[in-house]
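Chains, contacts and geometry: an overview
Here's the letter readout for the chains.
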Amino acid sequence: MKYYLIVGEASGDLHASHLMQSLKDIDAEAEFRFFGGDLMTAVGGTRVRHYKELAYMGIFPVLLHLPTILKNMKMCKRDITTWQPDCVILVDYPGFNLKIARYVKSKTNIPVYYYISPKIWAWKEYRIKAIKRDVDELFSILPFEVEFFEGKHRYPIHYVGNPTADEVREWWKVEGGKCQEKNPSANIIALLAGSRKQEIKDNLPVMIEAVQPYMQDYKVVLAGAPSIEKDYYEQFISGKNVDIVYNQTYPLLSQAYVALVTSGTATLETALFRVPQVVCYGTALAKLFGWLRRWVLKVKYISLVNLIADREVVTELVADAFTLDRLRAELDKILGGPARQNMLEGYEEIWRLLGDQKAPDNAAKMIYSLLNKGSL
């Protein structure tokens, strides 16, 4: 079978590479052509464009690079039509991918499969119309999305398991035996301050100030984002007794006693490593964001942990709630006492809700079955 995949950022490259490997495992004749990254390239196939040529986020970067984006989109459409794959697999990145889905659906008979469904439950819910019209099958990695798509919008989807849970389980199998059991003597407070410069600027200074009173008893370690050079972090950590590590997030979480985490996949990773955390999301326009969150955003929570549990397992300090005093008070709670134990019990609930299905294997089997039988 011929598979055409499109991703638009680093996380998509990771998840798509695993899906490609799973497809290769069950389809000996699998051929791949893709808009992707280095991880997908390592699996094999032909990379048409690197995702870095697509990865523009925010109004101004998108407008600034609009000619490049439109050129890539035109070329992608033409390339799909020329290559004639057996299916197109879209991975997240809805701004670009839904336009490709529209083209493929209207101009060809190629089925469109979406792996890692767009998060329209949080923002731009109107996109459900495009999904219903242009996407043949939707594969979800978040269990609560089933109720949103099927219950609210009457659009059937497939929950295939969660790849972050897969990755954490696999890491423990390989590396877990090298780690000692986590305990207070580990003395590590982990800081995960986001992967973009603006996130780091808005969150890290307050995080560092919040942990100052605990530095005599705890070692503070910052997980550096791969795309951010160390010089950028120096303006925040220089002289502050904060260590920084790169490409060591899982080893760090395996030994951390508590963590301060900027919202994103990192909140789920922290929970799956059973590290009590405070979710931090400061913004430059805190009051405006606080208003938007209450009146515009469609969800009660911003962290994946709370969204999956559908209740407050971890405390979220967002926008105008993200203050030094609040952060220190919440940090103090999870260093010991009932709040820490309650959070750890909530993490076990997260593991149960995510289940033990291996997401890329499960999705690959479904896609291969659809292409061979026409239905599941």
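Anyway, here's the lowdown on the structure attached to this text. As the structure is a prediction and not an experimental result, all values here were calculated from the model.

1. Observations regarding the sheet that holds strand S3 (residues 46-50)
With respect to topology, 7 strands assemble into an open sheet ordered S3-S2-S1-S4-S5-S6-S7, the strand pairing being parallel. The open sheet terminates on both sides in strands that have one partner only, identified here as S3 and strand S7 (158-159). Helix H17 (residues 359-373) contacts strand S1 (2-6), strand S4 (87-91), strand S5 (112-115), strand S6 (137-140) and S7 of the sheet and is inclined by roughly 170° relative to S5.

2. A short note on the packing of helix H12 (residues 265-272) against helix H16 (residues 338-354)
Between H12 and H16, the shortest axis-to-axis distance is 9 Å and the interhelical angle comes to 105°. Between H12 and H16, the angle falls in the class roughly perpendicular. Here H12 contributes Leu 268, Thr 270, Ala 271 and Leu 272 to the contact with H16, which in turn contributes Tyr 347, Ile 350, Trp 351 and Leu 354. Across the contact of H12 with H16, the residue classes break down as 7 nonpolar, 1 polar and no charged.

3. Quick notes on the sheet that holds strand S10 (residues 242-246)
Read from one edge of the open sheet, 6 strands run S10-S9-S8-S11-S12-S13, paired in parallel fashion. The open sheet terminates on both sides in strands that have one partner only, identified here as S10 and strand S13 (315-318). If you compare each strand with its neighbour and ignore which way they point, the axes differ by 20° on average. With 4 bridges connecting them, strand S8 (residues 188-192) and strand S9 (residues 219-224) associate as parallel partners. Pairing of Ala 190 across the sheet is with Val 221, part of S9.

4. Comments concerning helix H8 (residues 163-175)
Along its 13 residues, H8 runs 18 Å from first to last C-alpha, staying within 8% of the 18 Å computed at 1.5 Å per residue. Considered for burial, the residues of H8 that qualify are Pro 163, Thr 164, Ala 165, Asp 166, Glu 167, Val 168 and Trp 171. Between a side-chain oxygen at the N-terminus of H8 and the backbone nitrogen of Thr 164 the separation is 2.9 Å; the capping residue is Asn 162.

5. A look at the packing of helix H1 (residues 10-26) against H17
It is at 8 Å that the axes of H1 and H17 come closest, and there the two elements cross at 55°. By the criterion of interaxial angle, the relationship of H1 to H17 is oblique. Between H1 and H17 lies a crossing whose hand is right-handed. Contact residues: H1 offers His 18, Leu 19, Ser 22, Leu 23 and Ile 26, while H17 offers Pro 360, Asp 361, Ala 363, Ala 364, Lys 365, Ile 367 and Tyr 368.

6. Description of helix H10 (residues 230-237)
Within H10 the residues assigned to the buried category are Tyr 232, Tyr 233, Phe 236 and Ile 237. Seen from one end, H10 has its buried residues packed into an arc of 125°, which puts them on one side. Of the residues in H10, the exposed ones pointing more than 90 degrees away from the buried face are Asp 231 and Gln 235. Those residues of H10 that are buried are in contact with helix H9 (197-211), S9 and S10.

Cut-offs applied
- Residues numbered from 1 in each chain as written.
- Predicted model: local features only at pLDDT ≥ 70, side-chain atom pairs only at ≥ 80, totals over all residues.
- Heavy atoms only, no water.
- Pairing = 2+ DSSP bridges.
- Helix = DSSP H or I, 4+ residues; strand = E, 2+ residues; numbered from the N terminus.
- Contact = heavy atoms within 4.5 Å.
- Axes fitted to C-alpha atoms, helices over the stretch in contact; angles between N-to-C directions.
- Parallel < 35°, antiparallel > 145°, perpendicular 65-115°, else oblique.
- Nonpolar A, V, L, I, M, F, W, Y, C, P; charged D, E, K, R; others polar.
- Expected span 1.5 Å × (residues − 1).
- Buried < 20%, exposed > 50% of the residue type's maximum accessible area, 1.4 Å probe, protein only.
- Polar contact = N/O pair within 3.5 Å; in protein donor to acceptor, adjacent residues only side chain to side chain.
- Left-handed = near helix turned anticlockwise from the far one by under 90°.
- Arc of directions from axis to C-beta.

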